[in-house]
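So the chains spell out like this:
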Amino acid sequence: MKKATNKLVLTSILVSLLVPLATRPVVLSDNSAGAEQNRSTEAVNVGVIVDYERWVGKMGLSCIEMALSELYASHGRYYKTRLVIHTRDSKKDVIGAAAAALDLIKNVEVQAIIGPVQSTQASFVVDLGEKAKVPIISYSATSSSLSNRSSYFFQATQEQTSQVKVISSIIQAYGWKQVVPIYVNNAYGEGLIPFLNDALQDFGARLPYRSVISTSASDDQILKELYRLMTMQTRVFVVHTDITLGARIFTKAKEIGMMEQGYVWIMTNVMTNFLSSFDSSVIDSMQGVIGIKTSVPETKALNDFRARWKQNFQQKNAKAYDVELNVYGLRAYDAAKALAIAVEKVWTNETFTAVRNISSTTFSGNSTGFGIGVSQNGPELHKSLSEVRFKGLAGDFNLVNGQLHSTTFEIINVINGERRVGFWKPETGLVKSLETETSTDDVIPVTSKPNLESVIWPGKSTSVPKGWEIPTNRKKLKIGVPKKEGFEEFVGVKRDPVTNISTVTGFCIDVFEAVMKALPYSVDYDFIPFEKPDGKTTAGTYDDLVDQVYLGKFDAVVGDTTITANRSLYVDFTLPYTESGVSMIVPVRDTRSKNAWVFLKPLTRDLWVTSACFFVFIGFVVWVLEHRINEDFRGPASYQIGTSFWFSFSTMVFAHKERVISNLARFVVVVWVFVVLILTQSYTASLTSLLTVQQLQPTITDVKQLIMNNESVGYIDGSFVHGILLKHLGFSQSQLRIYKSPEECDELFSKKKADGGIAAAFDEYPYMKFLLARYCSKYTLLEPTFKTGGFGFVFPKGSPLVSDVSRAILTVTEEKTMKNIENKWFGSQTSCPDPNTQVSSNSLGLESFWGLFLIVGIASLSALVIYVATFLYEHRQVLFSSDTPEVPIWRRIRLVLRTFDQKDLSSHTFRKGISQSGDKRTHQDVVDAVEGSSPGSNVTHPSPSSYSNCTNEISDIFACCEDQQETCFTECNTEALSQAPPALEITHELNQETLRTH
């Protein structure tokens with residue numbers, strides 16, 4: 001308010017001097033608009049402030065006159081009021097506009113003012129209108145700050161910040177990250193920049209530089225500023241000036257080659273809207289420029305008005321030719337019409353008319369203290385203007401909070417005139433055509449790729465400029481390099497004591513140089529060590545080095561600089577060119593067993609137990625298959641058990657001597673011998689490894705173990721790992737030790753804890769990998785305990801080099817170049833084991849052999865099932881005989897088992913033995929075969945003649961024995977059984993058991 005008061009004081013002092021110069025008779029006199037009014041109409045004074053010498057002023061004034069004349073001519077009988085306009089010339093001056101407004105309010109007592117044209121002029125007039133409560137309606141002042149200063153200011157045009165979203169959408173769609181605004185140093189120019197900066201930051205773009213040019217700048221001053229822009233990387237410029245200054249800028253830019261390929265020029269809506277008024281020479285210098293202008297819907301009424309206006313304007317301005325009406329003329333037409341409608345509504349209101357009849361004046365006394373009265377009609381007229389709604393020539397007229405409702409923008413490309421390439425709508429963003437119906441599902445966000453027609457850029461290029469270039473006349477990039485002791489294989493700085501010139505070498509330097517060669521353009525740079533003036537020590541930590549980029553002292557940093565979240569807040573990193581993660585190395589010890597039981601270690605307990613069980617199982621299976629037909633598997637029970645175990649376990653060294661007769665048993669043995677062969681060979685190899693190869697195991701396996709045991713740990717001097725160890729892993733400061741080189745780290749490991757030794761070392765994976773390459777037999781690398789981003793190159797925030805360098809890093813990494821660089825500095829490391837391989841036990845487990853055991857198990861069980869099934873089938877009458885139902889099942893099973901324990905006399909092995917002895921069997925052998933008695937037992941039997949009358953037919957055996965004594969029973973059956981098949985022996989046993997029960 002104080003600022004406004006000061007302006008009024010200044011205006012009051014100068015008004016007496018300026019008013020005579022500001023007033024000027026024009027074509028339309030004070031009563032011209034109401035020439036046709038009769039006695040029933042009432043004249044209402046309104047002011048118009050324009051620049052008579054400016055094109056926008058002439059166009060606006062003619063449109064205002066036509067709006068009122070056409071309104072009253074077509075609707076005169078419905079209107080009881082007539083606006084009488086009083087024009088004043090602002091003389092292209094801010095004070096002149098303020099003086100004109102003061103004269104209109106104080107002397108003419110106008111009810112409203114249309115104008116002024118410029119935002120800088122309006123800023124003074126707005127304060128006068130607020131004091132006098134006189135509505136100020138501007139059709140061309142676009143500054144966003146005006147509407148916030150006074151409720152009596154109506155911006156009947158789009159305020160300039162509404163185009164910020166359009167500009168940012170274009171920049172984002174084409175992927176540009178840096179933009180330089182060129183703007184005039186007044187309220188109009190400066191008002192847009194904060195909003196543009198905020199809009200760009202929303203998607204990561206920024207304004208690296210702001211070019212401010214005065215309206216009074218000479219051509220040399222403009223050229224000097226343009227040359228300065230040429231030395232910068234950014235090639236995207238947004239021009240936000242008045243039309244006069246903008247035309248001069250583009251003309252000079254053309255002269256010095258800034259309208260060639262690679263440049264991007266975007267001009268705001270004020271210049272674009274007046275593009276048709278520029279000379280052809282100016283248009284020629286603007287080829288390839290993108291412009292933003294207010295979109296006006298084409299209607300029949302608009303086309304008819306353009307024709308009428310052009311005819312009317314040329315009649316009053318004979319020297320004017322080839323003139324084109326733009327949106328500001330249409331806004332002036334709509335503003336005048338809106339004011340007439342609002343005045344009519346207020347002046348015809350009965351309550352307002354009654355109050356007005358009582359008062360003899362429309363302004364009160366000098367209530368402002370500066371000789372300015374207060375309009376009595378202002379509040380009502382303000383309210384009425386806010387409620388006016390109609391379809392104007394420029395579109396819908398609707399003032400919301402004193403501002404015109406935002407509408408659609410048109411995107412044009414200057415190529416021999418205007419060439420439309422698309423539109424921008426608040427609902428859909430960038431679109432190629434307004435005629436395309438876009439559903440809610442197909443809404444194109446502002447972040448999408450350019451949804452515009454193809455653009456012809458400066459230099460007649462159709463390729464989208466990348467938005468930045470390395471200037472040919474720019475100084476070399478200053479690349480900061482860390483200075484440190486140790487690990488010089490990564491970055492090493494050496495100073496020549498004679499020439500005092502520093503030489504930078506190392507893995508990181510070679511990678512950076514390879515990446516620069518992979519870029520599609522050349523970049524000049526110098527490496528500058530980050531060291532103190534004496535060149536002996538570093539100038540700070542890595543964080544301090546990164547801060548130098550943020551402060552602008554370095555253009556980039558190259559070295560073993562780790563990508564961290566905190567650093568990325570102030571600078572940009574490229575993609576990492578090394579593996580990431582903080583790792584831990586610990587000493588290893590030889591865990592080879594040196595005790596008497598080491599021979600048990602090659603196999604795990606599960607494998608030992610499983611193998612033993614299968615040895616027993618295989619012995620059992622072979623015994624079952626061979627017992628009835630093989631003399632080697634017969635005899636006393638202890639002998640049979642020992643033979644079975646001996647046979648099975650002797651296969652382990654392939655020393656078994658027993659014959660295997662059965663085909664099923666041979667099948668089982670063959671499979672089992674194969675399994676035993678694999679087991680023994682594996683056991684031998686594992687045992688040999690245990691006894692001869694070093695078994696290196698880490699002394700520490702977990703970070704928690706270090707903390708619980710209060711062990712000391714080491715890290716590289718100046719590394720960010722110090723913060724990780726304290727904050728994230730929970731170590732105390734007393735547990736931390738510093739080392740500067742691999743040799744110092746090895747020395748700390750060799751010391752005892754009491755002497756300052758360490759139990760583990762922490763740092764980035766590349767360091768640990770390099771250290772391990774030197775001492776691979778002494779230490780091992782454990783898994784990363786904390787994730788990081790790896791090594792990356794540092795650039796300023798928003799640097800356009802970041803994306804190109806990152807792509808070049810991928811190219812170098814995918815090729816052999818990176819591998820060659822690693823071999824150059826770190827060696828091939830073929831003599832060391834892979835540090836990522838975890839040390840594991842050398843014992844062989846069941847999981848490695850369960851397939852073999854499965855095979856032998858299936859083979860053995862299959863043979864066993866086949867044999868048992870065959871045996872039971874041959875002796876099925878014993879278990880299921882219906883001749884002796886009184887014999888219980890358990891006795892039948894016992895008889896089957898007793899039969900299994902007997903020799904299978906039908907086997908070829910026994911038949912062969914009998915044939916070789918003359919096919920003679922004694923009575924005792926038959927009895928032994930039936931009853932299972934051993935040879936040489938003292939059992940006396942009658943002679944065969946005592947049962948000679950017994951038949952040898954199987955069907956008559958038991959009938960014959962019914963008439964014999966028990967002895968005869970046995971002898972009779974035995975004689976018969978000597979000629980009978982084995983199945984009959986079981987029948988004999990059943991009958992014998994039946995007889996005994998009787």
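Per an unreviewed UniProt entry, the protein chain goes by the name Ionotropic glutamate receptor and belongs to Trema orientale. The UniProt entry for the protein chain carries this comment under Subunit (unreviewed entry): "May form heteromers."

A. Examining the sheet that holds strand E6 (residues 180-184) more closely. With mixed pairing, the eight strands of this open sheet are ordered in space as E7-E6-E8-E9-E10-E14-E15-E16. In this open sheet, the two edge strands, each paired with only one partner strand, are strand E7 (211-213) and strand E16 (429-431). Adjacent strand axes in the sheet meet at a mean angle of 25° when their direction is disregarded. As defined by bridge partners, strand E15 (residues 418-425) adjoins E16 across three bridges and the pair is classed as antiparallel. The residue bridging Phe423 from the neighbouring strand is Val431, located in E16. Contacting E6, E7, strand E8 (236-240) and strand E9 (264-267), helix H7 (residues 219-230) runs over the sheet at an angle of about 175° to E7.

B. Representation of the packing of helix H22 (residues 742-750) against helix H23 (residues 765-774) within the structure. Where H22 contacts H23, the axes come no closer than 10 Å and their chain directions differ by 70°. Relative to H23, the element H22 lies roughly perpendicular. Residue-level contacts link Pro742, Glu743 and Cys745 of H22 to Phe770, Leu771 and Arg774 of H23. Its residues assigned to classes, the contact of H22 with H23 comprises four nonpolar, no polar and two charged.

C. The arrangement of the environment of Phe786 in detail. The topology assignment puts Phe786 in strand E28 (residues 779-786). What makes Phe786 partly exposed here is its relative accessible area of 24%. In sequence terms Phe786 and Leu729 are 57 residues apart; their C-alpha atoms lie 8.7 Å from each other. Those residues within four positions of Phe786 in sequence are excluded, and the remaining contacts are Gly581, Val582, Ile724 and His728.

D. Examining the pairing of E9 more closely. Going residue by residue along E9, you find Val264 and Ile266 tucked away on one face and Trp265 and Met267 tucked away on the opposite face as well. Where E8 and E9 come together, four bridges link them in parallel fashion. Looking at the pairing, Val236 lines up with Val264 of E9. Of the crossover connections in this fold, the one passing from E8 over helix H8 (residues 243-255) to the parallel E9 is right-handed.

E. A look at unusual backbone geometry. For the bond from Gly115 to Pro116, the omega torsion is -5°, close enough to zero to count as cis. With respect to the helices and strands, Pro116 occurs in the loop between strand E3 (113-114) and helix H4 (119-132). Notably, Lys133 is not glycine yet its phi reads approximately 55°, a positive angle. Relative to the helices and strands, Lys133 is located in the loop between H4 and strand E4 (136-138). The phi torsion at Asn416 lies on the positive side, around 55°, for a residue other than glycine. Relative to the helices and strands, Asn416 resides in the loop between strand E14 (409-414) and E15. Assessed through its relative accessible area of 71%, Asn416 is described here as exposed.

F. Fine view of the layout of surface pockets. In this structure, the largest pocket occupies an estimated 1,300 Å³ of space. Together, 40 residues line the largest pocket, and Arg54, Trp55, Val56, Ile243 and Thr244 are the ones closest to its centre. Ranked by residue count, the leading element in the lining of the largest pocket is H8, at five residues. Residue classes in the lining of the largest pocket are distributed as 17 nonpolar, twelve polar and eleven charged.

G. Quick peek at empty space enclosed by the protein. Tallied over the entire structure, the rule returns four cavities of 30 Å³ or more. The space that makes up the largest cavity amounts to roughly 100 Å³. Along its surface, the largest cavity is lined by 13 residues, and Tyr542, Asp560, Ser719, Phe720 and Tyr767 are the ones closest to its centre. The residue inventory of the lining of the largest cavity, partitioned by class, reads four nonpolar, three polar and six charged.

H. Quick peek at the environment of Val802. With respect to the helices, strands and loops of the structure, Val802 is situated in helix H24 (residues 801-814). Residue classification places Val802 among the buried positions, given a relative accessible area of 12%. In sequence terms Val802 and Thr574 are 228 residues apart; their C-alpha atoms lie 5.5 Å from each other. Setting aside anything within four residues of it in sequence, one finds Val802 in contact with Asp572, Phe573, Thr574 and Phe795.

I. Region of interest: a nonpolar patch on the surface. Where nonpolar side chains cluster on the molecular surface, the patch consists of Val616, Ile641, Phe645, Phe649, Met652 and Val653 and spans about 520 Å² of accessible area. On the accessibility criterion, Met652 (40% relative accessible area) is partly exposed.

J. Representation of the packing of aromatic side chains within the structure. One pass over the full model with this rule turns up 40 aromatic pairs. Judged by centre distance (5.8 Å) and plane angle (75°), the ring pair of Tyr72 and Tyr79 falls under edge-to-face. Its relative accessible area of 8% is what places Tyr72 among the buried residues. Relative to Tyr767, the ring of Phe487 lies with its centre 5.2 Å away and its plane at 70°, an arrangement referred to as edge-to-face.

K. Structural detail: the side chain of Gln111. Within the element layout of this structure, Gln111 appears in the loop between helix H3 (94-108) and E3. Polar side-chain contacts of Gln111 include one of 3.5 Å to the backbone oxygen of Glu109. Within the local environment of Gln111, its side chain forms a polar contact with the side chain of Asn377, the two groups lying 2.9 Å apart.

Definitions and cut-offs
Residues numbered from 1 in each chain as written. Predicted model: local features only at pLDDT ≥ 70, side-chain atom pairs only at ≥ 80, totals over all residues. Heavy atoms only, no water. UniProt positions renumbered as here; feature names shortened; annotations may be inferred. Pairing = 2+ DSSP bridges. Helix = DSSP H or I, 4+ residues; strand = E, 2+ residues; numbered from the N terminus. Axes fitted to C-alpha atoms, helices over the stretch in contact; angles between N-to-C directions. Contact = heavy atoms within 4.5 Å. Parallel < 35°, antiparallel > 145°, perpendicular 65-115°, else oblique. Nonpolar A, V, L, I, M, F, W, Y, C, P; charged D, E, K, R; others polar. Buried < 20%, exposed > 50% of the residue type's maximum accessible area, 1.4 Å probe, protein only. Right-handed = clockwise from strand over helix to strand, strands pointing away. 1 Å grid on protein atoms, 1.4 Å probe; cavity = no way out; pocket = protein on both sides within 12 Å on 5 of 7 lines; lining within 4 Å. Points joined across faces, edges and corners; volume = space filled by probe spheres on them. Patch = residues over 30% accessible without salt bridge, like charges linked within 9 Å, V, L, I, M, F, W, Y side chains within 5 Å. Areas by Shrake-Rupley, 256 points an atom, 1.4 Å probe, with all protein chains shown as cover. Salt bridge = Lys/Arg side-chain N within 4 Å of Asp/Glu carboxyl O. Phe/Tyr/Trp six-rings, centres within 6.5 Å; stacked < 30°, edge-to-face > 60°. Polar contact = N/O pair within 3.5 Å; in protein donor to acceptor, adjacent residues only side chain to side chain.

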